[in-house]
Amino acid sequence: MTNTKTITVRRDVAAESKADASVERERLGRRGTLVVNLLSSPGAGKTALLEATIERLGDDLKIAVVEGDLKTENDADRIRAKGIPAIQITTGTACHLDAHMVHDALHQLTLDTLDIVFIENVGNLVCPASFDPRS
């Protein structure tokens, strides 16, 4: 026999992240800035896709990138080499960017001048499939 205890959760543990996401959605929507979140496994080609997109659209649109990585700035350096602002978020052990991290990074950009912000999320194979990238 095992003893079982039920714990009732009385607050949403993701409430702060959802609030940050809501603020940014409203702020970016008001400016008409398109935000594209890229999430896939390591080595899938997220950074190569961004480089090709910058080469095709960079003369016509103002682009910035928020880069997520566990440890390095390698991808951000590749984007900066294209003349595009890239804000690095180094997560350490976190397998994805949360809204608070992105919120802080967006405040380092001059959003009034941007048409598109790409978020290159942390490449991983470990986050649950049910992860909601909007929060």
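Structure: above.
### Remarks on helix 1 (residues 15-31)
At step 1: In this model helix 1 runs 25 Å from its N-terminal to its C-terminal C-alpha over 17 residues, within 8% of the 24 Å that 1.5 Å per residue would give.
At step 2: Of the positions making up helix 1, those classed as buried are Ser17, Asp20, Ala21, Glu24, Arg27 and Leu28. An end-on view of helix 1 places all buried positions within 135° of arc, on one side of the element. Projecting away from the buried face of helix 1 at angles above 90 degrees are the exposed residues Gly29 and Arg30.
At step 3: Those residues of helix 1 that are buried are in contact with strand 1 (34-38) and helix 4 (99-106).
At step 4: Immediately beyond the C-terminal end of helix 1, within one or two residues, lies glycine 32, with a positive phi of roughly 80°.

### Examining the packing of helix 1 against helix 4
At step 1: Relative to each other, helix 1 and helix 4 sit at 40°, their axes nearing to 8 Å. Judged by the angle between their axes, helix 1 and helix 4 are oblique. By crossing handedness, the relation of helix 1 to helix 4 is classed as left-handed. Counting all contacts with helix 1, which are made through Ser17, Asp20, Ala21, Val23, Glu24, Arg27 and Leu28, the residues of helix 4 involved are Ala99, His100, His103 and Leu106.

### Examining the environment of methionine 101
At step 1: Relative to the helices and strands, methionine 101 resides in helix 4.
At step 2: On the basis of relative accessible area, methionine 101 is assigned to the partly exposed category, the value being 22%.
At step 3: The sequence separation of methionine 101 and isoleucine 89 amounts to twelve residues, and the corresponding C-alpha distance is 7.2 Å.
At step 4: Non-local contacts of methionine 101, meaning those with residues more than four positions away in its chain, are made with Ile89, Thr91, Ala94 and His96.

### Some thoughts on the nonpolar core
At step 1: Grouped together as the largest cluster of nonpolar side chains are 15 residues, with contacts concentrated most on Val66, Leu97, Leu106, Leu109, Leu111, Leu114 and Val117.
At step 2: Those elements that place two or more of their residues in this core are strand 2 (63-69), strand 3 (86-90), helix 4 and strand 4 (116-120).
At step 3: Ranked by the residues each element gives to this core, the list is headed by helix 4, at three residues.
At step 4: Counting eleven residues, the second largest nonpolar core, distinct from the first, contains Leu50, Ile63, Val65 and Ile116.

### Considerations on the environment of isoleucine 84
At step 1: By the element assignment, isoleucine 84 lies in the loop between helix 3 (74-80) and strand 3.
At step 2: Accessibility expressed as a relative area gives 10% for isoleucine 84, which makes it buried.
At step 3: Through-space distance from the C-alpha of isoleucine 84 to that of alanine 64 is 5.8 Å; in sequence the pair is 20 residues apart.
At step 4: Filtering out sequence-adjacent residues up to four positions away, isoleucine 84 remains in contact with Ile54, Ile63, Ala64, Val65 and Ile79.

### A closer look at the pattern of salt bridges
At step 1: Taken as a whole and judged by the stated rule, the model has seven salt bridges.
At step 2: When the shortest N-O distance is used, the salt bridge between arginine 30 and glutamate 26 registers 2.4 Å. Placement of both arginine 30 and glutamate 26 in helix 1 is noted, with a separation of four residues, approximately one turn of the helix.
At step 3: For arginine 30, a relative accessible area of 57% gives the class exposed.

Basis of the calculations
- Residues numbered from 1 in each chain as written.
- Predicted model: local features only at pLDDT ≥ 70, side-chain atom pairs only at ≥ 80, totals over all residues.
- Heavy atoms only, no water.
- Helix = DSSP H or I, 4+ residues; strand = E, 2+ residues; numbered from the N terminus.
- Expected span 1.5 Å × (residues − 1).
- Buried < 20%, exposed > 50% of the residue type's maximum accessible area, 1.4 Å probe, protein only.
- Arc of directions from axis to C-beta.
- Contact = heavy atoms within 4.5 Å.
- Axes fitted to C-alpha atoms, helices over the stretch in contact; angles between N-to-C directions.
- Parallel < 35°, antiparallel > 145°, perpendicular 65-115°, else oblique.
- Left-handed = near helix turned anticlockwise from the far one by under 90°.
- Core = buried A, V, L, I, M, F, W, Y, C linked by side-chain atoms within 4.5 Å.
- Salt bridge = Lys/Arg side-chain N within 4 Å of Asp/Glu carboxyl O.

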